[in-house]
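Each chain is listed here by its residues.
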Amino acid sequence: MGTKTGAALLALSIVLAGCGQSEPEQTAVESAEPAESSLPQFTVDEAELRTNPLLKAWDTPYGVPPFQVIEDEHYMPAVQQGIIELRAEIAEIIKNPEPATFLNTTVALEKAGETLGRVLDVFGNVTATDTNDTLIGLRAEIYPMVTREYNAIILDENLYARVREVFEQSDQLGLNEVDARLLELQHRNFVRAGAALSPEVRTQVADINAELSKLSNEFGQNLLDATKGFKLRIDDEAGLAGLSEGFAASLYDEDEEAWFVGLNRSQFETFMTESTNRGLRLQLFDAYRTRAATDERNNYALAKQIALLRAQRAELMGYESHAHYQLETRMAKTPAGAEEFLRRVWEPGLETAKRERDAMQAMVGDEFQVSGEDWWHYSEKVRKARYDLDEGELMPYFNLDAVRSGAFTMATRLFGLGFEPVDVPVWHPTVTAYNVTDDDGSFLGIMFLDMYARDSKRGGAWMSSYRDASNIGGNEIRPLITFNLNLTTPPAGEPTLLRFSEVETFFHEFGHALHGIMTNIPYAEFSGVDGPRDYTEFPAQILEHWASQPEMLALFAKHHETGDVIPDALVEKMLAASKFNQGFATTEFIAASLLDLRWHMLSADEVEAIDDPRAFEVAILDEYGLIDEIEPRYRSPYFSHTFSGGYSAGYYAYLWSEILDADGFDAFLEAENIFDPETAGRLKKWVYQSGGLRPADELYRLFRGQDPSIEPLLRGRGFLDGDTT
C-alpha cells in the first residue's frame, strides 16, 4: 500500500532511536481495531483540497516537499483526505468482481495509499527533526488514527482472501523474480499481522495493538521530555576545567550568562571525556542513566506493560514469546541463536573490559575507586599514555566539510556515484541537499544531510526517506533520502570538528543513505533499506571500515587550518589505539542487547510476575556478570529502540551485522585494494541495489561468495588469542 504494503500507514517516516534507518519491522502492527464500522468518518472540504500544499502537486525541483509553505494545521486534513482515498482504493480491490490476479490485487495493493504515504513521510520526518508542541499533539492523534486504518486493512478477511488466492496460484503465474518476491512478502505480511487468525483472535490482537500504540507513543514522549528537561548548569569558568575551548564556547548561553550541558549523546560523551571535574561528571552521568525513570515520567512501568502486551499478542498468534515471533524472519532465526551469538562476544569483551578498568585504576591509584562516571575520562587518559594519542590531536583533521567530501569520494571510487549540491526547499536552514547520480550519469535521487543538534530535533543518528523508490508501469520515482546526526553546533565562524567516533557515525549513516538511494527494485515494498533487522545494519556498518584506512584518510583527513594531510605517525597511533576500550564498547552494547532479548523472551505470565522492573533489569545484568563500573548503553526506561522503536528483540542486530561487515570488508583486504572494482561491483549489485529481493543470507553469499565468519569481528575488536589491551 503506497510504500511497503502498509508501511506508509505504519508511518515509515517515524524515525527510530539510535543509529539506523527508519524502516519499521514487518510485524503485527501496534495499533487499533480492524472493524471498518468502528473507524471514524472524515469530510475534507473543497477549499482544503485546493489549497492544502500537502494535497497539491509539488511544483518544486525533484518533487521535494515545499517545506516553506507547509504549516502545522495542514497535516490533519491531509491525513484525513489520504485515509479517504485509501479506503476507496482498498474497497475497489475487495469489491472487484473479477477473480484475484497479480495486477488487480497484488500490484493494486502495492499502489494504494499514495497520498497518505506522502503526507506521513513529511509529517514523520518533520516531527523528528523540527518539532513543536503542536506537532507533538498531532502525533498523538495521527498515528493511532492511521494505524487503526492499517489494522482494518491488514486484518480484513475479504482482502486477505484475495491476497491468498493470488499467492496460492504463484507457481502458475509465470512471474519474474521481482514480481514473485512482491507477492511472497505481501502475503507474509498479512499472515504475520494475524490475518489468518479466527475473527475472535483478530479482535484480541487488534485490541492489544491499540493499547501498544498508545503506550509506545507515551514511552517515547516521556523520554523526549526527560531528555530535553535536563540541563547541567555551570555558572563559572572553574566548572569548565578540562573542556576544549571550542566545546566550552558551544555550551554558553548569553542570555543566562552560564554554560549548559544537555543529554544528547554528542554533548554527553564530549563532556564526560574532557571534563576534569568529577563532581560535575557524576551529575551528568546520573542524569543520563536515570532519564525517564523517576517522578511522573517513569518509563519502567510502561516497559513492563509493553512487554506484557507483546507477549500476550505473540501467544495469541501461536508463538512462545515475542522474541520467537520477531526472530522467525531474521538471520538469527531464534532467541537462543541470538543469545548464543551475544555470549560468544560477551565473554572476551567482558574480560577485556575488566583489564581496561584495572588500567584506569592503576592510573588513579588509591585516590578513589574508579566508577561509571570516570570511564570516558580516564580511558582517554590511559589511551593517551599508552599510545601517546590525544583525541584533541585528531579533531583538527576531521572537519565536517572534509569528512563529507571524503565520504562522497569513497562512494564515487567504489560505485561510480556523483554528488552535486542543489538548491531545493529544506526544513531547516542548516540542512544541505545533493543530487546523486549513478555511474552512467542517470539520476538516483536527492540526499539531504541534517547534521546538527537542536531542541526541536530528537537525539541520535538515523536515516529516513521523504519518498521511496518505485517503478510501476514505467512510472519511475526516485527516492528523497535524509540522514541525520546530532553534532554540537560550533561558535559562529568556527569549523565543525569531529571526534573520530563521529566520523565513523557519519560513514555509517551515509551507508544507510546509499542503501536507500541506489536501489533498482521497482516495488517500494522491498526497495531501498530492506531486509531483516540483523542484516539492514550491514550496508551501513561496512562503510565505517573505510573511514580508518590510511589510503582513505589521505583523501579527506586534512588539517582545517593548514590543509596538511594527517601525518602517517598520527594515523599509526590512531590505528594502534583503535582496539583500546573495545571491552567497554562491547560490554555496554551487549548488556543492552541482552536486556532487550530477555524482556521479550518471557511468556505473558512471566512478565506479569515481575513486581519491580528495575530489580528484574538488575538481576539480568548480574546474571551475565556485568561489572559495576559499566552501565548498559540503554536501560529500560530510555531504551527507545526496543520500547518505542522498531528494534524489539532486535537490538543485537548491530553486532550481528558486524559479523557481516567485518567479514565483508575482508573481501577488499583479500583483493589488496579497498576500492577493488570487482568486489565493489558485487557489493553494489547484491547489497545496495537489491533491497529485499532475496533472503538476506543469500544476498550476502552472492556478494561474498561464502557464508560470513565471526573471526574478523573478534579480530577487529581485539578479542582473538594474543590480543592485549
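Treat the numbers as computed from the prediction; the structure is a model and nothing was measured.

Caption draft 1: Spotlight on the pattern of salt bridges. The tally for this structure, following the rule as stated, stands at 45 salt bridges. The salt bridge partner of Arg357 is Asp358, with a shortest N-O separation of 3.4 Å. Among the ionic pairs, Asp401 bridges to Arg404, the shortest N-O distance being 3.4 Å. Note that Asp401 and Arg404 are positioned in helix α17 (residues 400-415) at a spacing of three residues, about one turn of the helix. You can call Asp401 partly exposed: its relative accessible area is 44%. What emerges from the salt-bridge pattern is a single network uniting Arg265, Glu269, Arg499, Glu502, Glu588 and Arg633.

Caption draft 2: Inspection of the sheet that holds strand β10 (residues 480-487) at higher detail. As summarised here, the arrangement of the five strands in space is β4-β5-β6-β10-β7, forming an open sheet in which the pairing is mixed. On the outer flanks of this sheet lie β4 (418-421) and β7 (462-467), each paired with one strand and no other. On average, adjacent strands in this sheet sit at an angle of 30 degrees to one another, irrespective of strand direction. Alignment of strand β5 (residues 432-437) against strand β6 (residues 443-452), held across six bridges, turns out to be antiparallel. Paired with Thr437 across the two strands is Phe443, which belongs to β6.

Caption draft 3: Looking closely at the nonpolar core. Judged by nonpolar contacts, the single largest core of 157 residues is most densely connected at Phe398, Met447, Phe506, Phe510, Leu514 and Trp546. With ten residues, the top contributor of residues to this core is helix α14 (residues 335-364). Counting 48 residues, the second largest nonpolar core, distinct from the first, contains Phe67, Ile142, Ile154 and Ala433.

Caption draft 4: Structural context of the packing of helix α3 (residues 102-111) against helix α7 (residues 177-193). Viewed as axis vectors pointing N to C, α3 and α7 meet at an angle of 70 degrees, and their least axial separation amounts to 11 Å. Between α3 and α7, the interaxial angle falls into the category roughly perpendicular. Contacts between α3 and α7 involve Phe102, Thr105, Thr106, Leu109 and Glu110 on the former and, on the latter, Asp179, Leu182, Leu183, Gln186 and Phe190.

Caption draft 5: Molecular detail of empty space enclosed by the protein. As enumerated under the stated definition, the model contains three cavities of 30 Å³ or more in all. As for the largest cavity, its lining consists of 16 residues, and the residues nearest its centre are Phe285, Trp376, Glu588, Glu631 and Pro632. For the lining of the largest cavity, the secondary-structure elements that each account for two or more residues are α10 (265-274), α11 (278-289), α15 (375-387) and α23 (582-600). Per element, the largest residue contribution to the lining of the largest cavity is three residues, and it comes from α11. Residue composition of the lining of the largest cavity, by class: nine nonpolar, one polar and six charged. Considering only enclosed or pocket space, the second largest cavity measures out at about 50 Å³ in volume. If you trace the second largest cavity, you find eleven residues lining it, with Asp468, Gly516, Ser527, Gly528 and Val529 closest to the centre. In terms of residue class, the lining of the second largest cavity is built from five nonpolar, four polar and two charged.

Procedures and definitions
- Residues numbered from 1 in each chain as written.
- Predicted model: local features only at pLDDT ≥ 70, side-chain atom pairs only at ≥ 80, totals over all residues.
- Heavy atoms only, no water.
- Salt bridge = Lys/Arg side-chain N within 4 Å of Asp/Glu carboxyl O.
- Helix = DSSP H or I, 4+ residues; strand = E, 2+ residues; numbered from the N terminus.
- Buried < 20%, exposed > 50% of the residue type's maximum accessible area, 1.4 Å probe, protein only.
- Pairing = 2+ DSSP bridges.
- Axes fitted to C-alpha atoms, helices over the stretch in contact; angles between N-to-C directions.
- Core = buried A, V, L, I, M, F, W, Y, C linked by side-chain atoms within 4.5 Å.
- Parallel < 35°, antiparallel > 145°, perpendicular 65-115°, else oblique.
- Contact = heavy atoms within 4.5 Å.
- 1 Å grid on protein atoms, 1.4 Å probe; cavity = no way out; pocket = protein on both sides within 12 Å on 5 of 7 lines; lining within 4 Å.
- Points joined across faces, edges and corners; volume = space filled by probe spheres on them.
- Nonpolar A, V, L, I, M, F, W, Y, C, P; charged D, E, K, R; others polar.

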